[in-house]
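Structural characterization, general
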Amino acid sequence: MQRSAAAVSVEVKQVIAALCRLLAATGLECVPAPEHFRRAKFGGGPAVEDQFWQLLANIQQKCGFVSCEPRSQLGGATELRRLVAAGLWQTGYHADWIKDLLLALGWLLATGTLEKLLTQRVEQLDKTLILTPSPVNHRLPTELPLDSASVRRLQWLVGSLRHQGRTLLSMQEERTCLLHAVSVASLPSSVSPSSSDQSSTLLRKDCVCLQQLCDLLEAYLNWRQVEKVFWTWMDSVVDGHLTDPVHKKSTVAPNGRAARCHHGNCGLEKLDDMLLRLPTRQKGQGRVREAPEGRGEGGLLQGRSDSCPPRLPCCPLAYRLHTERPVRHSSPPADGDRGGTPTAGGLSASQAVELLLQTEALLLERRGRQRLANRTQLQEMIGRLDELVLIPP
Amino acid sequence: MSVVTVQLGQCGNQVGQQLLHSLLCDAQDGQRKELCTASRERFFHQDTHGELVARAVLIDMEPKVINQSISRAARSGMWRYGETSHFSQKQGSGNNWANGFCVHGPAHREVVEELVRREVERCDRLSGLLAMMSVAGGTGSGVGTYVTQCLRDVYPKSFILNHLTWPYGTGEVIVQNYNSVLTLAHLYQLSDAILVHENDTVHQICSQLLNIKHISFADVNSVIAHQLGSVLQPALTADSQGAYSRNPLGELVSALCCHPEFKLLSVSSIPQVPLASMAYSSFSWPSLLKHLRQMLISNTKMEEGIDWQVRPPAAAERSRSLTAGSFNTSLANVLILRGKDVYSAETAGFEDPALYSSWLSPQEAFSVWKSPVPFNKYEKSATLVSNSQALLRPLDSMVGGAWNMFASRAYIHQYTKFGISEEDFLDSFSSLEQVISSYKELR
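Just so we're clear, the structure is a prediction, and the values are computed from it rather than from any experiment.

So, the overall build of chain A
Helix and strand counts for chain A come out as 13 helices and zero strands. Traced from its N-terminal end to its C-terminal end, chain A shows the element sequence α-α-α-α-α-α-α-α-α-α-α-α-α. Counting over 393 residues, chain A shows a buried share of 36%. Summarising the internal contacts of chain A: among those between residues at least 6 apart in sequence, 72% fall at separations of at least 24.

Written out as structure tokens, the structure is:
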């Protein structure tokens, strides 16, 4: 079915408007207008960027990804960006910044942040809610018996749980209907002034809360119905991000290494410096001795000094967002979903972590050997000096 | 917490009308306000004039029985059916399951769904759907199965309980075994629980207990309605916390039919005495429960002629199938006690692990519901809804009879011409054989 571009664009705008309404209903303060989403797709400009920075910061503070500092204390835009970057890093998002604020938002939405915000807001608004206890982890026996009686029993228990679930669902539906009826019946206009001001104020407050709760749930339901369109649009944002020549150029740094994220740059550079310094120093010391052990050590050191130090490979660590798509278990598979396979030269977060751990182990091992070599050397030196005894620590 | 009754075919419409009538008659007494309110709310709603209108939909492929049921209800003066809550056609299904399932069902799907939807929307909270039908004919069985399928599609999370009336073994309809097999095999996948009354058994109750000389379908239906009513009238359950249960179908299904291979339920109730003898009879809970327990174990549906020799097998004998031949093992039971001094009734006899299979403890397998209000003029009455081997023999003979006919392909062409193939028959046979085997191995 051919649909005109205009119709699609109108639909997308409506869907984004639904998302904005939902985000506002969850209590977020800095929700950009739907038009700004469209602008952000094509770069947006500083004003639009600022809005998205604020939004991301707000989301992260509410969800607890970063510590809750009052906005006034944030020392300007740079601080804000650092905060957001730190929060996104924690959720597993690493990418370039300029157009990726939109992608960052998409990432957060896909990783269940919306549901988190929703739950928080519902808990704030619904005074009657009995907070469900965290699911109890029943410890299953380590060896499950596989005889037919046990299997039958398990099937019975599964069936029983299913029936309980259905019963609870129907109770929930009834409760929703009743709440709706109560909220409709007790709209402010129909609330008659009671004898005590306090109770009427409380009633009004309750009404307002319930109304907000209903609006929130309605907004969420509306969003869920049209969510698919949003993710399709996000696909186009990602596509645009990939094919954008400006962006491509900016992703390749002058020294030929692929782009990395803000924090990764600093950390990587520091680590590189450390590693560069290390072999150079040892090279100088290692040449002095020629003990058999030392040869091994020296040889090792020699070898090490000769060979390229095991620098953290910059290329694999420079992952790009487009190499992995956050897949939500609840979202329907988007048509352009590319799964989690890294492209050539990119690494997924888990692989990078593994690489870092390996490097750490390597460096620790090297440090250990170096210490041993140093001690041996020291002992020999002391041994040559008369009337001196070394008591090693 | 309402139950919407869907009455299908001749039998379904007759039994349904009797059921609703007996429920309302029982709930008339002004003293039992809570029970009356709960019962009325469950099965009826009030129209603008304050009249009680049944939460029911009547469906049949011919108009005669529906008209009779509607007028009978109206004549009672206490309740009526909704004016537009029925659907009928001019011509029946010819006792042909395939005609009902493949032709009539799909042809009238939208109308039927709309009727049910209207009733469901009138409920504040839907407890579940009760579909009532027989399995021998064409409409109740074929259309009934199709309608159950539609209900399952439209209300996937609701509890659906099918009440089936099994035909006389001697045969009311020559292809009744085919119709029965096809119905059961399909319903097993769709329904949450299948509650069965056998005409043969109820007939015996009428003749031996109630001393009715010339037994008509009305008498049979009246006994079925009484037994079903004693199950569905509100009661206090373990979950209902001092109020009448608001989830009768859910609790019944959860107590008895958690395993997908075990969905067949049978009902026994005690006492069953003629109205004339009621004044001279006195009942005690120990005696009633003792008899009922033995009725369960020996698989008899009447308090007369109980075989007291049947005993639960000792632990050592449980594995031997021969000695357990006459003993009826239960998977789960719900005991419903109604009447005076109900809280003093001692039900420990039903908690004996020997009564149940080895993989479900009596605590999980046995539930008691109580109501201090007597039911249907019995000062004390006890009803047992049982998921046990009680229906194994009639099911086996039904499948056996159908298979014998199928082996010679007798009358198969009448089904194939409407779209039911031999493969469908074979599938139905194999699923019922699985059910039979599961119940046989219940130990």
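From this point, things continue past the structure.
So, the interface of chain A and chain B
Tallying the contact residues gives 16 residues for chain A and 27 residues for chain B. When the two sides are added together, the surface that chain A and chain B hide from each other amounts to roughly 1,800 Å², 52% of it contributed by carbon and sulfur. The largest contributions to the chain A side of the interface with chain B come from Arg152(A), Trp156(A) and Arg166(A), which together make up 44% of the buried area. Across the chain A-chain B interface, the total number found is seven salt bridges.

Concerning the layout of surface pockets
Residue and element names in this part refer to chain B. The volume enclosed by the second largest pocket comes to roughly 920 Å³. Residue lining of the second largest pocket: 35 residues in total, with Asn-299, Ala-390, Leu-392, Arg-393 and Pro-394 positioned closest to the centre. Take the lining of the second largest pocket: its biggest share by element is six residues, from helix H13 (residues 392–407). Here the residues of the lining of the second largest pocket sort into eleven nonpolar, 16 polar and eight charged.

Comments concerning helix H5 (residues 109–122) of chain B
Residues and elements named next belong to chain B. With 14 residues, H5 extends 20 Å from end C-alpha to end C-alpha; this agrees with the ideal 20 Å at 1.5 Å per step. Those residues of H5 that fall on the buried side of the exposure criterion are Val-112, Leu-115, Val-116, Glu-119 and Val-120. Viewed along the axis of H5, the buried residues span an arc of 135°, placing them on a single side of the element. Away from its buried face by more than 90 degrees, H5 exposes Glu-110 and Glu-121.

Examining the pattern of salt bridges
All names here are of chain B. Evaluation of the coordinates by the stated rule reveals 28 salt bridges over all chains. With its nearest N and O atoms 3.1 Å apart, the salt bridge here joins Arg-122 to Glu-119. With Arg-122 and Glu-119 both in helix H5 and three residues apart, the pair spans about one turn of that helix. Assessed through its relative accessible area of 39%, Arg-122 is described here as partly exposed.

Looking at the confidence of the model for chain A
Of the residues in chain A, 61% reach a pLDDT of 70 or more, and the chain-wide mean stands at 71. Here residues 247–262 of chain A scores under 50 on pLDDT; set against residues more than four positions off or in separate chains, the count is 25 contacts.

Focus on empty space enclosed by the protein
Residues and elements named next belong to chain B. Throughout the structure, instances matching the rule amount to nine cavities of 30 Å³ or more. Forming the walls of the largest cavity are Val-196, His-197, Glu-198, Thr-201, Val-202, Ile-205, Gln-227, Ser-266, Val-267, Lys-301 and Leu-391. Elements supplying a minimum of two residues to the lining of the largest cavity: strand S9 (193–198), helix H8 (199–209) and strand S10 (264–270). Looking at the lining of the largest cavity residue by residue, the class counts come to five nonpolar, four polar and two charged.

What counts as what
- Residues numbered from 1 in each chain as written.
- Chains lettered and ligands numbered in written order.
- Predicted model: local features only at pLDDT ≥ 70, side-chain atom pairs only at ≥ 80, totals over all residues.
- Heavy atoms only, no water.
- Helix = DSSP H or I, 4+ residues; strand = E, 2+ residues; numbered from the N terminus.
- Buried < 20%, exposed > 50% of the residue type's maximum accessible area, 1.4 Å probe, protein only.
- Contact = heavy atoms within 4.5 Å.
- Buried area = accessible area lost by both parts, 1.4 Å probe.
- Salt bridge = Lys/Arg side-chain N within 4 Å of Asp/Glu carboxyl O.
- 1 Å grid on protein atoms, 1.4 Å probe; cavity = no way out; pocket = protein on both sides within 12 Å on 5 of 7 lines; lining within 4 Å.
- Points joined across faces, edges and corners; volume = space filled by probe spheres on them.
- Nonpolar A, V, L, I, M, F, W, Y, C, P; charged D, E, K, R; others polar.
- Expected span 1.5 Å × (residues − 1).
- Arc of directions from axis to C-beta.
- pLDDT = per-residue confidence, 0-100.

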